[in-house]
Structures are given as C-alpha cells and as structure tokens.
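Topology and contacts: notes
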Amino acid sequence: MKYYERLGLDREPFSSSPDPEFLFYSEQHIACLQELEIAVRLRRGLNLVIGDIGTGKTTLCRRFVRNLSRNRGMSVSLLLDPGFASARAFLRVLCAQFCGELPDSRLSVWSLKEMIKKALLQQGMRENKIMVLIIDEGQKMPSECLELLRELLNYETNDAKLLQIVIFGQRELEPVVEAMPNLLDRVNFYHRLTPLGLREMRGMIRYRVEQATGQGSFPPDLFTAPALWTIHRATSGYPRKVVRLCHKCLLQMIIAHKPRVTRAVVRACLREEWQLGRRCRGWLVGGLAALVLVGGLASVRWIPQVRALVPSLESALAGVPGVPERLSPPGQESESCPAPTLQGVHEQGMFNVVRCPTPPVDSVGLARACENLPELFGTLYLARGESLSEAMRAVYGVYNRELLDKVMAANPHVSDPDHVSGAAMLRFPAIVPGEEVLSSSLRWVRLDSLSSLEKAHSRLRQYTFFDLKLRLLPEYTAGSGRAGLRFQVVLEKPETNVQAARARLEKLPLALQKDADVYSTPLQTAPLGQVNALVRDTLAQGPDVR
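Residues numbered from 1 in each chain as written. Predicted model: local features only at pLDDT ≥ 70, side-chain atom pairs only at ≥ 80, totals over all residues. Heavy atoms only, no water.

Quick notes on the overall build of the protein
Put simply, the rule is: By definition, any uninterrupted DSSP run of H or I lasting at least four residues is a helix, any uninterrupted run of E lasting at least two residues is a strand, and each is numbered from the N terminus. Residue exposure (1.4 Å probe, protein chains only): buried if accessible area is under 20% of the type maximum, exposed if over 50%, otherwise partly exposed. We call two residues contacting when some pair of their heavy atoms lies within 4.5 Å. Working definition of accessibility: Shrake-Rupley area with a 1.4 Å probe, residue cover restricted to the visible protein chains.
Check the secondary structure of the protein and you find 20 helices and 14 strands. Residues counted as buried form 46% of the 546 residues belonging to the protein. If you take every contact in the protein between residues at least 6 apart in sequence, the share linking residues at least 24 apart comes to 70%. Carbon and sulfur atoms provide 51% of the accessible area of the protein, an area that totals close to 28300 Å².

Considerations on the side chain of Thr-224
As for its position among the elements, Thr-224 is in the loop between helix H8 (198-212) and helix H9 (225-235). The contacts of Thr-224, once residues within four sequence positions are left out, are Arg-260, Val-261, Thr-262 and Arg-263.

Comments concerning the sheet that holds strand E14 (residues 525-527)
For clarity, the cut-off: Two strands pair under a simple rule: DSSP has to find at least two bridges between them. A fitted line through C-alpha atoms represents every axis, and for helices the fit uses only the stretch in contact; the resulting angles, taken between N-to-C directions, go from 0 to 180 degrees.
The sheet built from five strands is open, its strands ordered E13-E10-E12-E11-E14 with antiparallel pairing. If you trace the sheet from one side to the other, it starts and ends with strand E13 (517-519) and E14, each paired once. Averaged over all pairs of adjacent strands, the angle between strand axes in this sheet comes to 50°, irrespective of strand direction. Pairing between strand E10 (residues 444-450) and strand E12 (residues 484-491): four bridges, direction antiparallel. Within the sheet, the bridge partner assigned to Arg-446 lies in E12 and is Val-490. Against the sheet, helix H18 (residues 498-505) engages E10, E12 and E13, with an angle of about 145° to E13.

Focus: the packing of helix H3 (residues 87-99) against helix H5 (residues 143-152)
Which entries qualify depends on this criterion: Note that the term roughly parallel is reserved for angles under 35 degrees, roughly antiparallel for angles over 145, roughly perpendicular for angles of 65 to 115, and oblique for everything else. When the near helix sits turned anticlockwise from the far one by under a right angle, the crossing is termed left-handed; a clockwise turn instead gives a right-handed crossing. In this classification, Asp, Glu, Lys and Arg are treated as charged, Ala, Val, Leu, Ile, Met, Phe, Trp, Tyr, Cys and Pro as nonpolar, and every other residue, Gly included, as polar.
Put simply, H3 and H5 touch, their axes get as near as 9 Å, and they point 45° apart. On the basis of their axis angle, the class for H3 and H5 is oblique. Helix-helix and strand crossings are classified by hand; for H3 and H5 the assignment is right-handed. For the pair H3 and H5, contact is made by Ala-87, Phe-90, Leu-91 and Leu-94 and by Glu-144, Cys-145, Leu-148, Leu-149 and Leu-152, respectively. Each residue belonging to the contact of H3 with H5 can be placed in one class, and the counts come to eight nonpolar, no polar and one charged.

So, H9
Ala-227, Leu-228, Thr-230, Ile-231, His-232 and Thr-235 are the residues of H9 that are buried. Backbone geometry just downstream of H9 places Ser-236 in the positive-phi region, at approximately 60°.

Some words on the pairing of strand E4 (residues 163-169)
Defined as follows: When the strands point away from the viewer and the connection leading from the first strand across the helix to the second strand turns clockwise, the crossover is called right-handed.
Within E4, seven of the seven residues are buried, which leaves it mostly tucked inside the rest of the structure. Neither face of E4 is left uncovered, since the one carrying Leu-163, Ile-165, Ile-167 and Gly-169 and the one carrying Gln-164, Val-166 and Phe-168 both have all their residues buried. When strand E1 (residues 46-51) meets E4, the two strands line up parallel, connected through five bridges. Among the inter-strand pairings, Leu-46 is bridged to a residue of E4, identified as Ile-165. By the bridge criterion, five bridges tie strand E3 (residues 130-135) to E4 in an arrangement that is parallel. Residue pairing for E4: Ile-135 is matched across the bridge by Ile-167. Traced from E3 through H5 to E4, the parallel crossover comes out right-handed.

Thoughts on the pattern of salt bridges
Selection criterion: One speaks of a salt bridge when a side-chain nitrogen belonging to Lys or Arg is within 4 Å of a carboxyl oxygen belonging to Asp or Glu.
This model, assessed by the stated rule, comprises 19 salt bridges. Here Arg-199 ties to Glu-27 by a salt bridge, and the two come within 3.8 Å at their closest N and O atoms. Separated by 172 residues along the polypeptide, Arg-199 in helix H8 and Glu-27 in helix H1 (residues 27-41) bring together distant segments of the chain. The exposed category is assigned to Glu-27, whose relative accessible area is 58%. Taking the shortest distance from any N to any O, the salt bridge between Arg-446 and Asp-517 comes out at 2.7 Å. Taken together, the positions of Arg-446 in strand E10 and Asp-517 in strand E13 put the pair 71 residues apart, joining distant regions of the chain. Judged by its relative accessible area of 17%, Arg-446 is buried. We classify Asp-517 as partly exposed; its relative accessible area is 24%. Through salt bridges with shared partners, one network takes in Arg-11, Asp-19, Glu-21 and Arg-66.

So this is what it looks like as structure tokens:
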C-alpha cells in the first residue's frame, strides 16, 4: 500500500516531478502565463522568465507547453537541455525540430540556417502557423547559441516574427543576456519569479492535496497552522523546498501515528536534515583525516624506531569510517585476529586487511545455546487484509508446510489457515533452524530492534508504507546481561559485505536513514531466522562467508 492511500488520497501530493496539474496559480504565475500567451499570439519574438533554483520554472514551463499544445494553429518545440557543445550542434537540433529530420552532419552553418529559414517561411507564412520554441534550463546555453537565436529573430514579416522564443532560466542567465545588448534589446517580456508568501504557500499546499484527492472525496486537512508557519520559515517560500519538506513531514506523521502534521513533526524533519548534513560533512572531514594518517603510516611503518607507535595510531583510527581495523604491510599478516566490526572494510589498497574466517555455525551448537529458549516467539493479531502465510514469512523468513504444521499445532483454535479471523490471537512458537542456519557474517540493513514480537511486527507494518521488502530476524542471547529474545527489523535481502549493505542503506528514504544501520548477528547470539531463497542467492553470488 502506498503511504498516501493511508491518508485517503489517490496520488502522491508532494511528488518531486514537475507535473503541470500540480501547478498552483499564484498571482505571479497567472500573470506570467497570461503575458507569455499574449506575447506568443501577437508574435512578439523573444520572452524571458528568470527565477532562482526551486521557484517553479520547470513546472510553469510544462504548463505553458500544455496550454499552447491544445491549439492546432501552433507548432510547439521544447528543448529541455540546451547545453550544446557548438553552434552547429544547436542548429542541427533546431533543424530536426522544425523540419522533422536530423540534417546531414556535413552541412555548413549557413546551410543549416537556410533550412531553418525555409521551414519557418513554409509553416509560418504559407500554413499560417505560430512557430514556438520553448527552452528550459536556459542558463546552460553558451553565448554563441544565444547569438544564433538573435539571428533567427531576424526572420520576420512586416508585422510579425516568424519564430516565437520563450526561455526559462536561472539568475545566471541575466548577466549573460545583459552583456549582449543586441539580444537584450529584442526581449519583449521579461519576468522574474519570486518565492511564495505565507498565504500563497498555504494555498499551494492545500491545492496539491486537493489535486491528489479522488473524485467525490473531501481533501483532508493535513497541516496545522503552526506547522505551515514553520514550513514557510524553513523554506522561505521556495516551492521546491516546500514540496520536499511537506513530503518528509507526511512520512514522519505516519510513522509517529499523528493525525496531522504539527509544528513538532516539521521541526523533527528539519533536525533530521541538519543532522544528515552534519554527518555528511563529518564523513568528509573524517575521510580526509584518515587519508593523511594512513599515508603517514605507510611512509614510516618500515622505520624500526617508529614501529612501536603503530598500534596506538591504529587504535585512534578505529572509529574513523572507511579505515580498516588492522593495517599490515603487503605480504605480512597479523598474528592475532581482530574482533568482528561493522566499520568499513577495504578489499584492496596499500595495506592488506587481516580477516579472521568466521567459524561455520553448527546446528547442534545452536540447539545447545538455545536450551533455555522460551516456547514462543510471541503472539500476534492479524490486521485487516493480512494472511497467516504473510505473517509467517515476516516472522520466520519462510513459509512451508513443516513450519505451518508447527504453527497450527500451537494454535488449536484455528481450523483453516487460509481463513483466520482477525480477532484470533495467534501464537508463534520459537523454532530452532535445522541444517541451514543464518550465517553471522551476513550484513543486514537494520531499521529497528525490539524485544517484543508484537512491537516488532507492528513496526514492520509501518515501514511497509515505503514499499520495502522486510522481514524479522529473531535472535536469542543466552547467559547474563542482555539475555533473551530480540527481533531485528531488516531488509529482506542481506549482503555479504559492509560496503554493499551501506550502499543499500543510503538508498532508503531520508526519513528512515537516520535510525538505520548495517547489522550482523553478534557471535554470542544465536540467529533463529530461517534461510530463504534470497539468503541462498546472496551467498551464491558473493564470497563464501559461512
């Protein structure tokens, strides 16, 4: 289920795509569209729309293209990336737009201009069409391409331009145009987009929610007034920043079980962004420091007088991401093996990384470690639409006849596993894996860790809003201290190394990255999850880590 369906919406209200249907008609956007259409219909030539990053230029551009395309008397061409390497490349693309085919690459610039001129005369005068060229990301255009546009504006009749040009660009385009007086003098309409005020931003958010609501339904009131004020203060009214922050706020609201986005929810999202930015900067600084220190180690390690300092330097580097635990010169191995760690491990580099092979997990030893294991993992009530098979896959990792028989034996009140009442409490017995045991060397992307099956399964339900394939990893720790059952909420597919797992973690939605980490089962803990096809595929594709 998509997260927005939980809110009674048919579509994602705050998508980052420039959907014209979600363009909010503020006063400046209405005025801009009206002025542009008038200028095009009167065939006035060149028009510029300038705005900072995130002010809605691309969405406005797509809406303008849609408006013009409904008129059969107009021929609209759209260039999305005008960063051409040469004037010839630019002219060849224009020829393809106006003539319907890409010209021969051997044609000269003059020949290409003549082809464009003939096409404009044919369609603009004889067929009486309005030829419109719309360019997005205009700041990417080199000066020589802008000069070509100026020359194309010279193709005109006694009362009108044959080619109508509309350029949407960032503020960097302004000084380039101002440095070309001949081009600047031909600008008919010059509009600067500005950020939205609080009232307009509130209207934009309400409008996008209404557009995402299905027909015949009332749009939900998702944001409180203090939340809207906080969003405007944080984004300064830039539409792109508003859309991005509102999307994160809705996800945070669902995770926190809030009925509406409050000021506290907005501030939590802002803190998360700040922490993420600080973490990225910290990794960069830490990485640079690590390179300097590792380089120093490489240059002095062979000196006997300095060799005694290496262990202390290695200890200091242990907490820096991306630095191996133990550094050895090529061809030399350490006598003792370091303890397992979740820090980054380098497969290749100036030093060899000393690894200790993980002993294979013995099923007999696992059973001995679980002698005091409770009879049950816990109990669950199925939510509406959930099946017993889905619950078993989530808890154990697999669903098969042998497991089903054990679950049915623990629930004599259930007669038909395919039709389980939502009011029925289901008992999930603690089952020790047979011959196949989850290797402790597998790396999982962990989203949460809980001591109760009911809480872990409830958290897993919340994360399904993000369309993630998840499972639980039941684990049992014997002895004193943190003894007992624990349930890790992880992505269903594991990895065989830390780098691959961290790469998958960084692809998670930002709302989940803050609390996620890369996890492997500690040596003193017995893994009780079942091995499924995804685990076997991972072990078959990667190195042997069993």
